[in-house]
Amino acid sequence: MQTKTAMEVKNLSFSYGKNKILRDVSFAIGEGEITTIMGANGCGKSTLFSLMTKNLYPRKGKIFLGGKNIQNLGLKDFAKKVSIVHQYNTSSDDITVERLVSYGRTPHMKMMQAKGEEDDRLVEWAMEVTNITKYRDREVGKLSGGQRQRVWIAMALAQNTKILFLDEPTTYLDIRYQVEILELVKKLNREFGITIIMVLHDINQAIYFSDKVIGLKGGLVEILGKPNDVITTESIETLYGIRLDVTKIEGQKFVLTI
């Protein structure tokens, strides 16, 4: 059965002045899939992420969400459909976990409107799913890096969208918290059907936790497909400029980085 399309990028190009960052990029994001954008520094990952999340405006090409050009959607309407966890997130250190998570309901509320039962229910659900309910009254500034990342994901979940973007969600985390965060992302996808689009720096994490990978090089899509189909010694060399062996363990591909 063919997977429905959640988002579609068509003939997307972007430049900073004369510096071309993306060149005629096209692909579709499958509904209910985990798609990871990967590639070396400077390949266009962050720019593509920013364009898909309405933080940049495309010079050429279009991005469709549910068949509608996202440039025709206001930010509030977009936030009702798409939630985003950025690479760098800041808040006041003395804000409590529950208060920060509750900000995820903002797109659904009118000005000066108090939270209702549905808002409270979704905030509780988001904290429960991310396993941070026990920290609800704790100040965010007193949490570990991994715990804080769970809070930001919970705030995104409180928006109650079917698409979640994550920009390098494991940055600056110890390996234990990296795996915990990615296992949480996988749970959100498998148990709740949330479409995940993320940027990852680690090749093997991208392979292991993704249904599909998009590999960029010089602003072009060089690889696109299921990790086990498209990850090879040659494709890794194309993306990263280094020749690394690729092996299979119990049917799962891994790149030997040392």
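See above for the structure.
All figures in this text were calculated on a predicted structure; none of them were measured in a lab. (Residues numbered from 1 in each chain as written. Predicted model: local features only at pLDDT ≥ 70, side-chain atom pairs only at ≥ 80, totals over all residues. Heavy atoms only, no water.)

K.L.:
Is there a simple way to think about the overall build of the protein in this case?
P.N.:
What the protein contains, in helices and strands, is 9 helices and 12 strands. Its C-alpha atoms give the protein a radius of gyration of 19 Å, within 12% of the compact-globule value 18 Å for 258 residues. Over its C-alpha atoms, taken along the principal directions, the protein stretches across nearly 55 × 40 × 40 Å. Within the protein, residue pairs in contact and separated by at least 24 positions form 66% of the contacts whose partners lie at least 6 positions apart. Carbon and sulfur atoms make up 48% of the accessible area of the protein, which amounts to about 13300 Å² in all. The centroid of the 36 positive side-chain charges in the protein is displaced by 7 Å from the centroid of its 30 negative side-chain charges. (Helix = DSSP H or I, 4+ residues; strand = E, 2+ residues; numbered from the N terminus. Rg over C-alpha atoms; globule rule 2.2 N^0.38 Å. Contact = heavy atoms within 4.5 Å. Areas by Shrake-Rupley, 256 points an atom, 1.4 Å probe, with all protein chains shown as cover. Lys, Arg positive; Asp, Glu negative; His and termini not counted. Charge placed at Lys NZ, Arg CZ, Asp CG, Glu CD.)

K.L.:
I keep staring at the pairing of strand E9 (residues 212-217) and nothing clicks. Help me out?
P.N.:
The two faces of a sheet get side chains in turn, since along a regular strand they alternate between them. Among the 6 residues of E9, 5 are classified as buried, and the element is accordingly described as predominantly covered. Direction of pairing for strand E3 (residues 34-38) relative to E9: parallel, over a ladder of 4 bridges. Counterpart to threonine 36 in the pairing with E9 is valine 213. Pairing of E9 with strand E10 (residues 220-225), which is carried by 5 bridges, proceeds in the antiparallel orientation. Bridged to valine 213 within E10 is glycine 225. Here E9 folds back onto E10, and the loop between the two strands holds 2 residues, one of which, glycine 218, carries a positive phi near 60 degrees. (Buried < 20%, exposed > 50% of the residue type's maximum accessible area, 1.4 Å probe, protein only. Pairing = 2+ DSSP bridges.)

So yeah, pure geometry; function would need other evidence.
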